[in-house]
Amino acid sequence: MLTCSHWICRRQTQPSVDRPKIVTVKTPAKVNLYLDVLSKRPDGYHNIDTVMAAIDWWDELTIERSNQRGVRVDCQWSDPVRRADELQCEVDDDRLRLPQDGSNLVGRVLRRWSDRLGLSYGLDVRLRKRIPAGAGLGGGSSNAAGALRAAAVMESIPQADMILGEIAAAEGSDLNFFLPKDEANICEGIPHVRRASGRGTELEELDEFDADALSLLRERWLVVAFPPVVISTAAAYGALIVDASDLERRRNAANSFCNELSHHPVGNWPSKMFNRMESAVRGMAAPIDSLCGIMIESRSDGSLMTGSGSAVFAIFGSSSSAMTLCDDLQSRGGVVAVKARFCGLDGCISEFVS
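Described in the following lines is the structure provided in the data block.

Criteria and thresholds
Residues numbered from 1 in each chain as written. Predicted model: local features only at pLDDT ≥ 70, side-chain atom pairs only at ≥ 80, totals over all residues. Heavy atoms only, no water. Helix = DSSP H or I, 4+ residues; strand = E, 2+ residues; numbered from the N terminus. Buried < 20%, exposed > 50% of the residue type's maximum accessible area, 1.4 Å probe, protein only. Contact = heavy atoms within 4.5 Å. Areas by Shrake-Rupley, 256 points an atom, 1.4 Å probe, with all protein chains shown as cover. Core = buried A, V, L, I, M, F, W, Y, C linked by side-chain atoms within 4.5 Å. Axes fitted to C-alpha atoms, helices over the stretch in contact; angles between N-to-C directions. Left-handed = near helix turned anticlockwise from the far one by under 90°. Nonpolar A, V, L, I, M, F, W, Y, C, P; charged D, E, K, R; others polar. Salt bridge = Lys/Arg side-chain N within 4 Å of Asp/Glu carboxyl O. Pairing = 2+ DSSP bridges.

## What about the overall build of the protein chain?
At step 1: The helix and strand tally for the protein chain stands at twelve helices and twelve strands.
At step 2: For the protein chain, the proportion of its 354 residues judged to be buried stands at 53%.
At step 3: Long-range pairs, those at least 24 residues apart, make up 78% of the contacts in the protein chain with a sequence separation of at least 6.
At step 4: Carbon and sulfur atoms provide 48% of the accessible area of the protein chain, an area that totals close to 14,900 Å².

## Comments concerning the nonpolar core
At step 1: With 79 residues, the main nonpolar core has L33, L110, W113, L261 and F342 as its most contacted residues.
At step 2: Once you skip the residues sitting within four places of it in the chain, F342 turns out to touch V31, L33, A53, A54, I55, P191, L217, R218, R220, L222, W269 and I315.
At step 3: In terms of nonpolar packing, the next biggest core, distinct from the first, is built from 30 residues, I48, I231, L291 and V335 among them.

## Considerations on the packing of helix α3 (residues 105-117) against helix α4 (residues 139-154)
At step 1: Between α3 and α4, whose axes approach to 8 Å, the crossing angle comes to 35 degrees. Here the hand of the crossing between α3 and α4 comes out right-handed. Side by side, α3 and α4 meet where L105, V106, V109, L110 and W113 of the first sit next to G140, S141, N143, A144, A147, L148, A151 and A152 of the second.
At step 2: Split by residue class, the contact of α3 with α4 holds ten nonpolar, three polar and no charged.

## With respect to the pattern of salt bridges
At step 1: Enumeration over the complete set of coordinates arrives at 20 salt bridges.
At step 2: In this structure, the salt-bridge partner of E171 is R108, at a minimum N-O distance of 3.0 Å. In this pair, E171 is assigned in helix α5 (residues 162-171) and R108 in helix α3, connecting sequence segments 63 residues apart.
At step 3: Judged by its relative accessible area of 18%, E171 falls in the buried class.
At step 4: Note that D301 is salt-bridged to R220, the shortest N-O span being 2.7 Å. Of the two residues, D301 is situated in the loop between α11 (286-296) and β9 (302-305) and R220 in the loop between α7 (211-214) and β7 (221-226); the sequence distance between them amounts to 81 residues.
At step 5: The exposure class assigned to R220 is buried, which follows from its relative accessible area of 5%.

## Thoughts on the sheet that holds strand β11 (residues 336-340)
At step 1: The four strands lie next to each other as β9-β10-β7-β11, forming an open sheet whose pairing is antiparallel. Strand pairing shows two members of the sheet lacking a second neighbour, β9 and β11, which therefore form its edges. The sheet shows a mean angle of 15 degrees between the axes of neighbouring strands, direction not considered.
At step 2: Relative to β11, β7 runs antiparallel, the two being bridged by five bridges. From the neighbouring strand, L222 faces β11, where its bridge partner is A340.

## Some remarks on the environment of L127
At step 1: Note that L127 resides in strand β4 (residues 122-129).
At step 2: A C-alpha to C-alpha distance of 7.3 Å links L127 and V73, two positions 54 residues apart in sequence.

See below:
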């Protein structure tokens, strides 16, 4: 593979007229199928062992080259009235407030990108969100990773180039999950599933990864629900009593889950999903506790809170069963609920215009 400096040199000699001026990207959400918090690190972060999977709940992001230097981000809900109705709140409620420009993670990574490559032009970003913020679904991280992928397409740099990973790791723990490991990973058409360790930036394939078997994950259906409460990551970790004992047994349990998932994707692995943070977060917020209870009673194959919350998901073997639960949750009101499937990173770059 060519190094970053080689691509930058190639970019500088390529006529700018050949490069796309507008790139549109779909950025997926993720769920944590397994999450153990092993210990607290000297840098204030935590060492975790987690398995993440991308799902087809998408935001859409468009980057356009501008003659005005700098990065500008216009971040809005795709349908703010519907989202307010789902959460039974007003459109100007704090729960619907989204970060703009300097405070938006997309703006931060693109400024790093611009500085790193020495871009002579600016970038205007239009981000339309469907994935709830503060839900443990990785929406912000996925947006930022998608912005880097779009910026790479704009500069004819491979989306799996190391420069994207370096910038992503500097800005967040799970951004790298949403980047392809290599170019083949983009077009394989299999669900994007990775195991992460350290503070979440050290990614690897599942043990004895079986791509053919893992593709069967598309036969599973998810119902993902977001209650009208936001739990900050810092607050969730603050409520957790970190137990650093018996690490070998816990790592073996995670290994066993990964083996079951990768080799028997239509088996009973959903019943073995685990989130170390779930009980602590359920104790912090009654709506999350109630939603977890509904999911458990839904006769799904398994259910879990994702990340540090507050979204919860359940897995089903049939579309109709998933739709039944989704309709039930939506009829209760005050909850955002969608039916989703596991997905890959293929097809995320939906459009580019020269």
